[in-house]
Each structure stands twice: as structure tokens, then as C-alpha cells.
Amino acid sequence: MKTFFGGYLSQHILTLPLPSQANEKLLTMRLILITLCLSACIAGCKDRKQEAELAKKLATLPQVNTLALDSTTVINITEKSKGFPVVVMFFDPDCHTCQKETELLTTKYNELANLKIYMLSIENTEKLKQFSKHYRLESFPNITVVKDHTYSLINTFKVKSIPSMLLYDENHRLVQAYEGVADFSKIKQLIGATL
């Protein structure tokens, strides 16, 4: 029986008869299926490679410059939090889940007081100020609301959903990443384990 594709494909994956009137549709369907499978495999490999590169990039807290709510002070999160565990939380003031997480964060404040928390958003500064005032965040010395004024940090951290949270230990090594609501009791355990 004659086959297309010599070598490995014909021996191990496919054995396709030469086209004839009767099986031309079957051959076309097989070729479409093969093309789709190969495309999916290539896309999957690319995604895994990108995820590995991202994991390597975020394994330590990157140098991150943000803008304070006074709109003039640049805060380098990495420099400002040397020697402390860090939480980088991406949020939106209008996000109901973010609002609930902020409430939970403030109620768990005493348990999380030994780490620096940076709440990062791309929203306009006035909206961030209102959010900070509403939750009285200025009364928590280790919580800082900052703006991604370059609109690049969401790409740097590859944020896929809001809220998202990255937890780094005191050496700024990534301990845990959360998408959606974080488990604050686990954060406390993870931070306690690193100190």
C-alpha cells in the first residue's frame, strides 16, 4: 500500500492510502485534523515557553517604579521594601472583588503588619485617592496605593485578572501568586515560614 509522508509520520502516526474518488473526503478530513493538532501542539509549546520565561522573570521581584498618589513621587517598590516581605496587589477601584479583598486586608492588618503591601492600579489618581480615603488606607503604614503611571507593569507581571496578588519573601523571591481572591490565612502562614 502506497502512503504519503515517508519516515516517522507514515510508520508511527498515519497510514494514509493514496487518494481515490471514494476516500478523498476522508483524506481531507485527516489532513485538516493533523493540521489542527500540530497547530495546537505548537501553540501549547509556545505558551509553556512563555510561562517558563515569565516564572523565571518573576522569580525575584523586578525593579518596579510606581507613582504615589501625590502624582510626583516615584516609588521603587523593590528599593523601598528591602528586607521586608512584599505583596504586590493589582486592583481596580470599581471591582467588587477588589473592594471585598481590601476590606479583608484591612481587617487582617495586625496579622499582616510585618510585610509591605503595594496596591497597584492603572486607574486615574483621583479615583485611587477616593478609594484610599474610603478604606482609610493611609492609616495603615505598610499599605501603599500606587499608580502604574507607565501602564507597563500589568504587562511586566502578565496580569490576567483583577485582583491578582504576588507574594514575595524578605529576599524578594516569589513565594506565591494568586489570581482572584487571595487566601489571607495562607499568606500569613507563608510569610511566617519565611521569617
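Remember, predicted model here, so these are calculated numbers, not experimental data.

A. Here's a closer look at unusual backbone geometry. The step from I162 to P163 runs through a cis peptide bond, and the omega angle for that step is -5 degrees. You can see P163 is positioned in the loop between α6 (153–156) and β6 (164–168). Located in the positive-phi region is H172, a residue other than glycine, with phi close to 65 degrees. Examined against the element boundaries, H172 turns out to sit in the loop between β6 and β7 (174–179). For H172, a relative accessible area of 7% gives the class buried.

B. Spatial organisation of the environment of V87. Counting through the fold element by element, V87 comes out in strand β3 (residues 86–90). Overall, the relative accessible area of 3% leaves V87 in the buried class. Distance in space between the C-alpha atoms of V87 and H172 is 9.9 Å, their sequence separation being 85 residues.

C. Just the pairing of strand β5 (residues 143–147), in detail. Across the 5 residues that make up β5, a large majority, 4, are buried. Pairing analysis gives 5 bridges linking strand β4 (residues 116–121) to β5, with the strands arranged parallel. Within the sheet, the bridge partner assigned to S121 lies in β5 and is K147. Note that the unit made of β4, helix α5 (residues 125–134) and β5 has a crossover that is right-handed.

D. Broad picture of the side chain of D169. Tracing the chain through its elements places D169 in the loop between β6 and β7. A polar atom in the side chain of D169 sits 2.9 Å from the backbone nitrogen of N171. Within polar-contact distance, the side chain of D169 engages the backbone nitrogen of R173 at 2.9 Å.

The rules we used
As a convention, each chain's residues are numbered from 1 in the sequence order in which they are written. Local features in a predicted model are, by the rule used here, given only for residues with pLDDT of at least 70; side-chain atom pairs are given and counted only at 80 or more, and totals for whole chains, interfaces and linings are based on all residues. To get the side-chain values, take all heavy atoms of the structure and skip hydrogens and water. A helix here means a DSSP run of H or I that spans at least four residues, while a strand means a run of E at least two residues long, and both kinds are numbered starting from the N terminus. Think of it in three bands: with a 1.4 Å probe and only protein chains considered, a residue is buried below 20% of the maximum accessible area for its type, exposed above 50%, and partly exposed in between. Between any two strands, pairing holds if DSSP finds at least two bridges. Orient the strands so they point away from the viewer, and a crossover whose first-strand-to-second-strand path over the helix runs clockwise is right-handed. For the purposes of these results, a polar contact is taken to be a pair of N or O atoms within 3.5 Å, where, inside protein, one atom must be able to donate a hydrogen and its partner to accept one; residues adjacent in sequence count only when each atom of the pair is a side-chain atom.

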